[in-house]
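Residue-level structure breakdown
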Amino acid sequence: EAAEILLSANTPDQDQLKEILADIRRDDHRAVGIIKHLRMLLKQGEIDPQDIDLTDVVTDTLTILGPHVAEQGITLEVEPMPANLSVRADSVHIQQVLFNLAMNAIDAMQNIPAGERKLRLRVSRRDTDVIVSIEDTGTGIPEDKLKSIFEPFVTTKQQGTGLGLSIARTIIGTYGGNIWAENRAGGGAIFCFTLSLARAEAA
């Protein structure tokens, strides 16, 4: 839409148009990568997990989420992450889990006053596991859906498909981790998942 507006000007700003096209190309490549890797996940046999730095995956995800978080008037809090967080997984898969959980948290804060919207991300180590938690100050999860929230077609959103969290559970389970959700005492929800550290890091 921005490109169309620029093109309708008497003297279009070619530098801005190039930036817009670069953004579109980048997002198209990312979308292709997501679809390709999710197809691999569904086929199971084609998955090729590798040692990845979870800190890098989290950082890349936050870069993508940043503009949307700011646009929604949300305060993003990221606790300092430990060093040496190597896990054996597919980086695109884990990024999709992070992105999905963060977007769910953002959606849950739509009706919360702007000054009270907070998204907190914490990554910590526990023995040979990494624990990732995404916490929001939204409306929380209805008690009757708390145990089934990761089941296919279960959703708390009017326009939700009920597939995002189910896919997230499949991804985390594929790499031997666990995923769960709970409500915060002060309102909102916390989604957590674990991944095992790669052998060298665990040792």
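Conventions used here
Residues numbered from 1 in each chain as written. Predicted model: local features only at pLDDT ≥ 70, side-chain atom pairs only at ≥ 80, totals over all residues. Heavy atoms only, no water. Helix = DSSP H or I, 4+ residues; strand = E, 2+ residues; numbered from the N terminus. Buried < 20%, exposed > 50% of the residue type's maximum accessible area, 1.4 Å probe, protein only. Contact = heavy atoms within 4.5 Å. Areas by Shrake-Rupley, 256 points an atom, 1.4 Å probe, with all protein chains shown as cover. Pairing = 2+ DSSP bridges. Axes fitted to C-alpha atoms, helices over the stretch in contact; angles between N-to-C directions. pLDDT = per-residue confidence, 0-100. Expected span 1.5 Å × (residues − 1). Core = buried A, V, L, I, M, F, W, Y, C linked by side-chain atoms within 4.5 Å.

1. Section: the overall build of the chain
The number of helices and strands found in the chain is 6 helices and 7 strands. Shown N-terminal to C-terminal, the secondary structure of the chain runs as helices and strands in the order α-α-β-α-β-β-α-β-β-α-β-β-α. A buried classification covers 37% of the 203 residues belonging to the chain. If you take every contact in the chain between residues at least 6 apart in sequence, the share linking residues at least 24 apart comes to 69%. Element-wise, carbon and sulfur atoms account for 51% of the exposed surface of the chain, whose accessible area totals about 11900 Å².

2. Considerations on the sheet that holds strand S5 (residues 129–136)
The mixed open sheet is built from 5 strands, whose spatial order is S2-S4-S5-S7-S6. Edge strands, defined here as strands with exactly one partner in the open sheet, are strand S2 (75–78) and strand S6 (179–183). On average, each strand axis in the sheet is inclined to that of its neighbour by 15°, with strand direction left out of account. Where S6 lies against strand S7 (residues 189–196), 5 bridges are found, and the strand directions are antiparallel.

3. Re the confidence of the model for the chain
Across the chain, pLDDT averages 85, with 87% of residues at or above 70. Mean pLDDT across the secondary structure elements of the chain bottoms out at helix H6 (residues 199–202), with 59, and peaks at S5, with 96.

4. Side note on helix H4 (residues 91–108)
Under the 1.5 Å per step criterion, the end-to-end length of H4 is 26 Å for 18 residues, consistent within 8% with the ideal 26 Å. For H4, every residue scored as buried is listed here: His93, Ile94, Gln95, Gln96, Val97, Leu98, Asn100, Leu101, Ala102, Asn104, Ala105 and Ile106.

5. Some points on the pairing of S7
Consecutive side chains along a regular strand alternate between the two faces of the sheet. Most of S7 sits inside the fold, with 7 of its 8 residues counted as buried. With 7 bridges joining them, S5 and S7 adopt antiparallel strand pairing. Bridge pairing links aspartate 129 to serine 196 in S7. Remark: 5 residues form the turn of the hairpin made by S6 and S7, two consecutive strands paired antiparallel; glycine 187 in that turn has positive phi of roughly 105°.

6. Quick notes on unusual backbone geometry
Despite not being glycine, asparagine 84 shows a phi value in the positive range, around 55°. Among the secondary structure elements, asparagine 84 is positioned in the loop between S2 and strand S3 (86–89). Even without being a glycine, aspartate 127 presents a positive backbone phi close to 55°. The exposure class assigned to aspartate 127 is exposed, which follows from its relative accessible area of 70%.

7. Considerations on the side chain of glutamine 95
Summarising the element assignment, glutamine 95 is placed in helix H4. The class for glutamine 95 is buried, based on a relative accessible area of 13%. What glutamine 95 contacts, discounting residues up to four positions off in sequence, is Arg30, Val57, Asp60, Thr61 and Ile64.

8. Structural notes on the nonpolar core
Buried together is how nonpolar side chains tend to be arranged in soluble globular proteins. Within the largest apolar cluster, 42 residues are counted, with the highest numbers of intra-cluster contacts made by Leu54, Ile94 and Phe193. Of all elements in the fold, only helix H3 (54–71), S3, H4, strand S4 (118–126), S5, helix H5 (164–174), S6 and S7 reach the threshold of two or more residues within this core. With 7 residues, the single largest contributor to this core is H4. Not counting residues within four places of it along the chain, the set of residues in contact with phenylalanine 193 comprises Val97, Leu98, Leu101, Val130, Ile131, Val132, Ile172, Asn178, Ile179 and Trp180.

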